[in-house]
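Chain and residue survey
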Amino acid sequence: MTSVNTAGAVDWDAQAAVFDEQPDHGLRDPAVRRAWAQRLRGWLPGRAGDVLDLGCGTGSLSLLAAEQGHRVTGVDLSPAMVRRAREKPAGRDAVFLVGDAAAPPVGEQRFDAVLVRHVLWALPDPARALRHWSGLLRPGGRLVLVEGVWGSADPVGIPAERLTALLAPIAGPVRVERLSDDASLWGGPVTDERYAVLAPVP
């Protein structure tokens, strides 16, 4: 996505064919894959739990979480992305649904963690989405939000300070992990702001 205004205009079904070519999307490089796996171990519950991966794309993070023993539900608006995600599981405990990340089609199901990477900033009402996601968590669950601010001339994204302020009414003390300096996550150095916010929800 390039901006809040153009996110809806992107043909994500068409992008599905090349989506995994980005190092942090496809996780094809073993070093990048290991870096994300290590982060997920620190972000997700220490024992097997139910994880909801919103805006899951082709399911790379979902499958990493499943490999770590979690039961994962991935949701993406693009049917083509979901088809590609479903081709990957190879017996892993992951299911993929077509649906809106802001209002995922999971009914009364509740989760131990909601994982969202590079999605919240593009939603029209981030505060409302966060409130909805917090309601999908079991008591003691957590939101795991990977976001950033990209570009210098016309930056887009959501700064960590704004995101933590949005979380203040619904979450306990949050932890911010700066990710920009960890080149292994991105397949090389980056200069923009990238971070993760870990927010426990009572």
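This report concerns the structure included in the present document. As the structure is a prediction and not an experimental result, all values here were calculated from the model.

Of regular secondary structure, the protein chain possesses eight helices and eight strands. For the protein chain, the C-alpha radius of gyration of 16 Å lies close to 17 Å, the compact-globule estimate for 202 residues. Counting over 202 residues, the protein chain shows a buried share of 51%. Contacts in the protein chain between residues at least 24 apart in sequence constitute 64% of all its contacts with a sequence separation of at least 6. Roughly 9,500 Å² of accessible area belongs to the protein chain as shown, and the carbon and sulfur atoms make up 50% of that amount. For the protein chain, the centre of its 22 positive side-chain charges and the centre of its 24 negative side-chain charges are spaced 6 Å apart.

With that settled, the discussion passes to unusual backbone geometry. Negative phi is the rule for most residues except glycine; trans is the rule for most peptide bonds. Phi is positive for leucine 27, which is not a glycine, with a value near 50°. When its relative accessible area of 2% is taken as the criterion, leucine 27 is described as buried. One non-glycine residue with positive phi stands out, namely histidine 118, at about 55°. Residue placement: histidine 118 occurs in the loop between strand E4 (111-117) and helix H7 (126-134). Looking at histidine 118, the relative accessible area reads 18%, which means it is buried.

Procedures and definitions
Residues numbered from 1 in each chain as written. Predicted model: local features only at pLDDT ≥ 70, side-chain atom pairs only at ≥ 80, totals over all residues. Heavy atoms only, no water. Helix = DSSP H or I, 4+ residues; strand = E, 2+ residues; numbered from the N terminus. Rg over C-alpha atoms; globule rule 2.2 N^0.38 Å. Buried < 20%, exposed > 50% of the residue type's maximum accessible area, 1.4 Å probe, protein only. Contact = heavy atoms within 4.5 Å. Areas by Shrake-Rupley, 256 points an atom, 1.4 Å probe, with all protein chains shown as cover. Lys, Arg positive; Asp, Glu negative; His and termini not counted. Charge placed at Lys NZ, Arg CZ, Asp CG, Glu CD.

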